[in-house]
Structure formats: C-alpha cells, structure tokens
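# Inside the fold
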Amino acid sequence: MMIELGRYAVPVLTAWGISAVLIVGLIVQTLAASARARRALEEVERRG
Amino acid sequence: MSIWEYANPVKFMRVSGAALPWIAAAAAICLPAGLVWGWMTPEDYKQGSTVKIMFLHVPAAMMAINIWVMMLAASLIWLIRRHHVSALAARAAAPIGAVMTLVALVTGAVWGQPMWGTWWEWDPRLTSFLILFLFYLGYMALWGAIENPDSAADLTGVLCLVGSVFALLSRYAVNFWNQGLHQGASLSIAPGERMSAVYKYPLYLCMLGFFLLFLTLLLVRTRTEIRRRRTAALLAREVRA
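What counts and what doesn't
Residues numbered from 1 in each chain as written. Chains lettered and ligands numbered in written order. Predicted model: local features only at pLDDT ≥ 70, side-chain atom pairs only at ≥ 80, totals over all residues. Helix = DSSP H or I, 4+ residues; strand = E, 2+ residues; numbered from the N terminus. Buried ≥ 20, exposed ≤ 12 C-beta atoms within 10 Å, placed from the backbone. Contact = placed C-beta atoms within 7 Å. UniProt positions renumbered as here; feature names shortened; annotations may be inferred. Expected span 1.5 Å × (residues − 1). Axes fitted to C-alpha atoms, helices over the stretch in contact; angles between N-to-C directions. Parallel < 35°, antiparallel > 145°, perpendicular 65-115°, else oblique. Left-handed = near helix turned anticlockwise from the far one by under 90°. Nonpolar A, V, L, I, M, F, W, Y, C, P; charged D, E, K, R; others polar.

### What to know about the overall build of chain B
- Counting secondary structure elements, chain B contains six helices and zero strands.
- Listing the helices and strands of chain B from first to last along the sequence gives α-α-α-α-α-α.
- Structurally, chain B occupies a C-alpha span of about 70 × 35 × 30 Å along its principal axes.
- Within chain B, buried positions represent 41% of all 241 residues.
- Contacts in chain B between residues at least 24 apart in sequence constitute 76% of all its contacts with a sequence separation of at least 6.

### Details of unusual backbone geometry
Residue and element names in this part refer to chain B.
- With a phi close to 60°, Arg82 is a non-glycine residue in the positive phi region.
- Its place among the elements puts Arg82 in the loop between helix 2 (54–81) and helix 3 (84–116).
- Judged by the 13 C-beta atoms lying within 10 Å of it, Arg82 falls in the partly exposed class.

### So, the UniProt feature "transmembrane region" (unreviewed entry) in chain B
- As recorded in UniProt, the sites labelled "transmembrane region" (unreviewed entry) are residues 20–40, 60–80, 92–114, 126–146, 153–174 and 201–220 of chain B.
- Secondary structure within residues 20–40 of chain B divides into 95% helix and 0% strand; the distance between the first and last C-alpha atoms comes to 30 Å.

### A short note on helix 2 of chain B
- With 28 residues, helix 2 of chain B ought to run about 40 Å at 1.5 Å a step, and its terminal C-alpha atoms sit 40 Å apart, in line with that.
- Once helix 2 of chain B finishes, Arg82 of chain B follows within two positions and takes phi at roughly 60°, a positive value.

### Some remarks on the environment of Leu161 of chain B
All names here are of chain B.
- Here Leu161 shows up in helix 5 (residues 149–176).
- The class of Leu161 is partly exposed, set by 13 C-beta atoms lying within 10 Å.
- In the structure, Leu161 is positioned 125 residues away from Val36 in sequence and 37 Å away in space, judged by C-alpha atoms.
- Among all residues touching Leu161, those that are not within four sequence positions of it are Leu72 and Ser75.

### What about the packing of helix 2 of chain B against helix 3 of chain B?
Residue and element names in this part refer to chain B.
- One way to put it is that helix 2 packs onto helix 3 with a least axis distance of 7 Å and a crossing angle of 155°. When the axes of helix 2 and helix 3 are compared, the pair comes out roughly antiparallel. Remark: the crossing between helix 2 and helix 3 carries left-handed chirality.
- Residue classes in the contact of helix 2 with helix 3 are distributed as 22 nonpolar, seven polar and no charged.

Structure representation (structure tokens):
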C-alpha cells in the first residue's frame, strides 16, 4: 500500500532515511567489530 | 545466588551467549513491526505526515537519556565494587547512546523546520541534548585516549557522573523552563489523554523495539570488549614468556 505523505514528504523521508543509515551503520559496525574480536582471540588462543 | 556472580566475565559470556539469540529475535520482530505500524498511521490534523517522524524521534530520545543513566549505574558499580564487566558494559553502551542522541537531534531538526520554522533553537531541551551528545563523544574519546584500562574506566566513570547532570537536564528541562520551543513529554503516567491511541500504541511498540535493539547491541558489544581484553591479556603473557 502506497502511503501519501503530502507536502511533508521531503522531511519525513529525510528523517527516516538518515535514521535508517545511522542505525543500520551501528548494527553493521557492531557485528563487524564482534567478528574481528572473535577471530583475533581465536588466533591468539590457537597459538597459545 | 548473588547478582554479582554475573560480573564474572566467564559467567557473563555464558549467560549472555544463551540469551542473545532470543533478545535479538525479539528486537528483529518488535522494531520493524513498530516502525511499519508507525509508518501506516494517518496524518495528524496539525502536523500532517510529519507525525511519522515521532516514531523514530521519541524512542531515540528516550534511549539517549536512559543509556547514559545505564552507563552511570555501570560506572558506579565499577567505581565502588571494581567489577570489570560493568566498566566494559558502560564503554560498550556509549556508541549506541551517541547514535541514539544523533538520531534524536537530526529527526528533531528535520521535524522542527516545517513545524517551528527553524532547524535549531537554543531551547533548554535541545541545548541539553546537544551537550549530552558532546559528552558521549568525549566519553568515547577518553576511553580511547588512555592506555591503562583501569585508569580509563576510573576517569570515564567520573566523566559519566558529571554528564549525568545533562542527561537528567535533557529529560526534565521542559519542566524547569517554560520559555523553550520544545513541547512537554509526549507520554505521561499522569491522568488525561496526551496522544490518540492511533499513535500511542505503535509508539509503545517502537519504544520496545528500540530498547530490545539496544539490549542486543549492548550484549554483543560487551562480549566484544571482553574478548578484546582477553586477547590483550594473552598477548601480554606471550610477550612476557
């Protein structure tokens, strides 16, 4: 279903777009850092 | 069994590892459902379709303040009882809080332009929120700037105590000063309807979704910090050997 945003389409889409970028970016950064830390620990434990 | 047993990193990793998939699944259901429900709400008679911005702005602002309060509690536990997991949890929460504060500031500005006729006003709540954001940045910078982790935890704990003034101020600023542009609380336990049920229930679901997202990210990031600390300890042992 298409939502009609009327004359406020630009601010609504801007707010949702920026928020989506920030939140998805935070999730991606969190998961990437987690994977890096896990690999680094496994590597050191394998050596030791 | 004492709650302090969970401050043991091994126990924390075991319990959080078991809980994480369930919390993440709940966040993955609640947040999109709340946002889609909010997106589908009808136009407000005053705000038009900009009312849809509220479903991001209000939960993000709520989390921005409450994450700092959580960091304060964790910092106090570190300063008083010296539990490392609490210091690492405070550190892990800061980037999430900074992003939530930024989302609240940006969505507020984008909403304010058509509704108030300005992107920004040096209003008590807006200003205290900006200062809170700067405190988040300063907190993260301080953690990164100090090599000794215990000293970093001590100093960031003190910074967190100071920043709590602005976290509380950003919550209650509209009650202290009346001259601001920002309206009062959107939701309240006080009697009387402040918001139509059409908007209130999707907003509740969005707030729950944001909280669950925070909890998921907090657990993942705290686990990451524990792994980094363990890696650093093992590397230091290798160097000594």
